[in-house]
Amino acid sequence: MGKGGNQGGGATEREAPMPTFSWEEIQKHNLRTDKWLVIDRKVYNITKWSSRHPGGQRVIGHYAGEDATDAFRAFHRDLDFVHKFMKPLLIGELAPEEPGQDHGKNSQITEDFRALRKTAEDMNLFKSNHLFFLLLLAHIIAMESIAWFTIFYFGNGWIPTVITAFVLATSQAQAGWLQHDYGHLSVYKKSTWNHFVHKFIIGHLKGASANWWNHRHFQHHAKPNIFHKDPDVNMLHVFVLGEWQPIEYGKKKLKYLPYNHQHEYFFLIGPPLLIPVYFQYQIIMTMIARRDWVDLAWAVSYYARFLLTYSPFYGILGAVLFLNFIRYLSLRPQPSQWEATGSPREAPPGARGSQVLEAGKWTRTRCGAPVTSSAALTWLLNQSRPHSPFRSWPLAPSPLQLAATCNVEQSLFNDWFSGHLNFQIEHHLFPTMPRHNFHKVAPLVKSLCAKHGIKYQEKPLLRALQDIIRSLKKSGQLWLDAYLHK
């Protein structure tokens, strides 16, 4: 038991020796009203401050009672700046006899991973190419212009309309990947510039909310595929995923839909309704409920621009239907959606994360959950993989660490088509790394995996798409068996 455990809101550093704490003591402070965490062996009381955390209080709260060192380094680019806000929260440090990692994590893997990150920093792999991202934005604007010109010049017949819809769907998907870059602060050194451009792209080019996306996506990265912690695996009872959820639903005789047929109704219910209907409604209502007027203004500018552009050709109702058709097309399977991690699991009370190479979910979910326009399919690929119910950042102590993650093979097309999120493993290990450097760090990650006997999975695009259906079918059969016989 450490000394000074009764200190409340945190104390500043002082010359006197700091109180020391054991992991047993720290792990008790994992409640909503009592949160401690450890970074670089320093113990911080974040109970009151978590509500002011720029990334959201849920993200930081997921690490209460845990070692958050690697997550802290992964999520923040300017560590010196962030440390200024942490000093008033410092209440002590780990006792000298305590290990640096909690819950029996493999210290050698953690040490090697941190060395790998240092190598990546020395190679300038966290430095972005501004011209690269400028060209990405330019090609999105070019597609928007080509789409309008097609209708303007050729008229609103079926053929020009379908061609325009596919062009706009592609631009929407590409805007989704680009807003993802800025949302992860991977373009500019200053967070302010990243936030501003992020709001412009996700708001004016996609009609969504930057704050809504941050709230969901950062939790996804913090605790991939953990029920009640990763919002991307909340499928509203429409699908059952992985191996744990379908059995639990079956035992409880829950049958909101015939889940044994979910691999058949997915293309009828998933893409048409999940994002065009439910997520757009949720985004708008969230902005209104939270009085997020800045994001709402950006989103309104998107809808106003679209209606002003296409209502002269289709009328107001026709333009609205056209918009939803475009969003349906933009949900076609994309490798970015293979943030492939494992099957979602319930984290038992008091459970903490074993270190897992957090590489993926469909991307928008682990081979995961919808967060952007093309994310609605990705998440399912992860669901066919084994998964530990206790997950944390970033490596696991056993060869199963990457059993629940996968990449999609690299090619110029796959890189563009998926916004380089076919490198799910690298993206989840280094979320602030500019995407154009993923292929450079990949060999280092493969070497680390080989050293520790961790399987590094990489799939062809078509196989990844097929695995979505196989995963849904397998989970549906698990549900049916449990529903009938358990």
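The text that follows walks through the structure, step by step, so that each part is easy to find. Values in this document were obtained by computation on a predicted structure and should not be read as measured data.

Here we take up the sheet that holds strand E1 (residues 20–21). With respect to topology, five strands assemble into an open sheet ordered E1-E5-E4-E3-E2, the strand pairing being mixed. Sheet topology places E1 and strand E2 (30–31) at the edges, where each strand pairs with a single neighbour. Here E1 pairs with strand E5 (residues 90–94) via two bridges, running parallel. Paired with Thr-20 across the strands is Glu-93, a residue of E5.

Inspection of the secondary structure assignment puts Asp-112 in helix H5 (residues 107–122). Ignoring anything within four residues of it in the chain, the contact list for Asp-112 reads Leu-448, Lys-451 and His-452.

Within strand E3 (residues 34–39), five of the six residues are buried, which leaves it mostly tucked inside the rest of the structure. Looking at chain direction, E2 and E3 are connected through two bridges and run antiparallel. Bridged to Leu-31 within E3 is Asp-34. Between the end of E2 and the start of E3, which pair antiparallel, lie two residues. In this structure, E3 lies alongside strand E4 (residues 42–45), joined through four bridges in antiparallel fashion. In the sheet register, Leu-37 faces E4, and the bridge partner there is Tyr-44. If you look at the hairpin formed by E3 and E4, you'll find two residues sitting between the two strands, and Asp-40 has a positive phi there, around 50°.

Here the focus is the environment of Asp-292. If you trace the backbone, Asp-292 turns up in the loop between helix H11 (262–289) and helix H12 (293–329). Of the residues examined, Asp-292 reaches a relative accessible area of 14% and is grouped as buried. Distance in space between the C-alpha atoms of Asp-292 and Ala-210 is 10.0 Å, their sequence separation being 82 residues. Among all residues touching Asp-292, those that are not within four sequence positions of it are Ser-209, Asn-211 and Met-287. Of note is the side chain of Asp-292, whose polar atom sits 2.6 Å from the side chain of Asn-211.

The rules behind the values
- Residues numbered from 1 in each chain as written.
- Predicted model: local features only at pLDDT ≥ 70, side-chain atom pairs only at ≥ 80, totals over all residues.
- Heavy atoms only, no water.
- Pairing = 2+ DSSP bridges.
- Helix = DSSP H or I, 4+ residues; strand = E, 2+ residues; numbered from the N terminus.
- Contact = heavy atoms within 4.5 Å.
- Buried < 20%, exposed > 50% of the residue type's maximum accessible area, 1.4 Å probe, protein only.
- Polar contact = N/O pair within 3.5 Å; in protein donor to acceptor, adjacent residues only side chain to side chain.

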